[in-house]
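Single-letter residue listing:
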Amino acid sequence: MYGPFQKAKGVLRGGAAFLLALLLCGAAPFGAAGVTASAAGGETSARMLVPVGHTVGIKLFARGVLVVKLTDGGTPAKDCGLQTGDVIVKCGGVSVTSTEQFQSLLQENGGDATDLQIRRDGESMTLSVAPQQNDQGQYAIGAWIRDSMAGIGTMTYYDPESGTFGALGHGITDVDTAQLMPFSSGSILPSTVKAVKKGASGEAGELRGDFDLTMDLGTLSANTASGIFGTVEETTFPQGLGQALPVAEATEVRTGPAVILSNVEGDDVEEYDVEILQIVSDAADGRDLVISVTDPDLIAATGGIVQGMSGSPILQDGKFVGAVTHVLLSDPTKGYGILMETMLKAGEIAEEPVA
């Protein structure tokens, strides 16, 4: 879970089930590298990853611009068939790179009909729109658009072999449409937790933190429904890193005691007790595991799971099991997690070349 993501240019705070309550998340293929664990009988296939658990700032820029709202009444956008959730990728044959550039293209075009190439539900289509002048004399189509998001999230793992990382355990979605943000580029930044809004029944809490938008620690390469992925240098971790652990296969995960690693104060990553209540077969959207926070210190500090804790590593029996993803609004001590196998598979698919 991460905190509500805002426009990248806005003021940021901190959070957990979305991409942290504002904590939030061209590399070598995520599945191609990774140390394997050795046992007495020889080499095993267990992948070795470092569980991180520290918050990072995240900024993401969309591929094209996302339509987040249509203005009331009759508008050129409605007349041409544009819908909320559409992604405008070209205007008049020119690739759209930002909200400002799209507005400039409309001014250059004037009131003449022009083609909009859009993506809708994974399909490409072309609409013809005739902009109209608004009260300020600017040509517009009557749609609110967004090109970027920023927030705070938790880094889940670091792969020392490939220099890749994964975070959040779920995707970065638009706050208005709940749609996965179409990915163009992005980066992670250093973050420090400054305060916590405790969770309560019916209201998600959140981590509130600071991060510097001008300082990049690493580069994002993908935004998927099962996490965000990218590359980072080990030397950029000022707090240092722990030991790599073997990734548990799904069949090795069991109900019972486990721990999570979370950064809920300053720069400290602490270990907290949880219990895996249920393992869900054929789950979707980062809900492979049902978990309950049992650690009195974490409950006292946050009320349980809060926005910004999304991506917190889950460990059990000395193995890397998964990551925290969501909180139950009815009971903040309970929530969901994604299996590490599921998260890693998403990273591998994201890196597969497109034919």
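Placed above this text is the structure.
About the thresholds
Residues numbered from 1 in each chain as written. Predicted model: local features only at pLDDT ≥ 70, side-chain atom pairs only at ≥ 80, totals over all residues. Heavy atoms only, no water. Helix = DSSP H or I, 4+ residues; strand = E, 2+ residues; numbered from the N terminus. Buried < 20%, exposed > 50% of the residue type's maximum accessible area, 1.4 Å probe, protein only. Areas by Shrake-Rupley, 256 points an atom, 1.4 Å probe, with all protein chains shown as cover. Pairing = 2+ DSSP bridges. Phe/Tyr/Trp six-rings, centres within 6.5 Å; stacked < 30°, edge-to-face > 60°. Lys NZ or Arg CZ within 6 Å of the ring centre and 35° of its normal. Contact = heavy atoms within 4.5 Å. Arc of directions from axis to C-beta. Axes fitted to C-alpha atoms, helices over the stretch in contact; angles between N-to-C directions. Polar contact = N/O pair within 3.5 Å; in protein donor to acceptor, adjacent residues only side chain to side chain. Salt bridge = Lys/Arg side-chain N within 4 Å of Asp/Glu carboxyl O.

Along its length, the chain carries four helices and 22 strands. For the chain, buried positions account for 53% of its 355 residues. Here the chain has roughly 15,100 Å² of accessible surface; of this, 48% comes from carbon and sulfur atoms.

In terms of burial, strand β15 (residues 227–232) is a largely internal element, five of the six residues being buried. Bridge count for strand β11 (residues 164–167) against β15 is four bridges, and the pairing is antiparallel. Residue pairing for β15: T164 is matched across the bridge by T231. Note that strand β14 (residues 218–224) and β15 share six bridges and pair antiparallel. In the strand pairing of β15, T219 is matched with T231. With antiparallel pairing between neighbouring strands as the criterion, β14 and β15 make up a hairpin whose turn holds two residues.

Attention now moves to the pairing of strand β20 (residues 313–316). Regular strands have side chains that alternate between both faces of the sheet. On β20, burial covers both faces: P313 and L315 on one face and I314 and Q316 on the other are all buried. In the sheet, strand β17 (residues 256–265) pairs with β20 via two bridges, with the strands oriented antiparallel. Looking at the pairing, V259 lines up with L315 of β20. The turn linking β20 back onto strand β21 (residues 319–328) is made up of two residues, and D317 within it adopts a positive phi angle of 55°.

So, on to the packing of aromatic side chains. Within the structure shown, the criterion is met by zero aromatic pairs. Against the face of Y336 rests R287, its NZ or CZ located 5.4 Å from the ring centre.

Turning next to the environment of S184. By the element assignment, S184 lies in strand β12 (residues 183–197). It is 9.1 Å that separates the C-alpha atoms of S184 and T97, two residues lying 87 residues apart in sequence. Setting aside chain neighbours within four positions, we find S184 in contact with F61, A62 and R63.

Quick reminder: α-helices carry 3.6 residues per turn. Residues three or four places apart thus point the same way. All buried positions along helix α2 (residues 99–109) are accounted for by T99, F102, L105 and L106. On an axial view of α2, the arc spanned by its buried residues comes to 120°, and they lie on one face. Of the surrounding secondary structure, the elements contacted by the buried residues of α2 are β3 (55–70), β4 (87–91), β5 (94–95), β6 (114–120), β9 (139–140) and β10 (143–159).

Here we come to the sheet that holds strand β19 (residues 289–293). Spatially, β17-β18-β19-β22-β21-β20 is the arrangement adopted by the six strands of the closed barrel, whose pairing is antiparallel. Between one strand axis and the next, the sheet turns by 40° as a mean value, whatever way the strands run. Of the pairings in the sheet, the one linking β19 to strand β22 (residues 331–339) comprises four bridges and is antiparallel in character. What sits directly across from I291, in β22, is G335.

With that settled, consider the side chain of S310. Along the polypeptide, S310 turns up in the loop between α3 (296–302) and β20. A polar contact of 3.0 Å, which involves the side chain of S310, links it to the side chain of H170.

As a further point, take the pattern of salt bridges. Inspection of every chain in the model, using the stated rule, returns 11 salt bridges. Notably, a salt bridge pairs K59 with D216, separated by 3.4 Å at the nearest N-O pair. Taken together, the residues span a long stretch of sequence, with K59 in strand β3 and D216 in the loop between β13 (206–211) and β14 at a distance of 157 residues.

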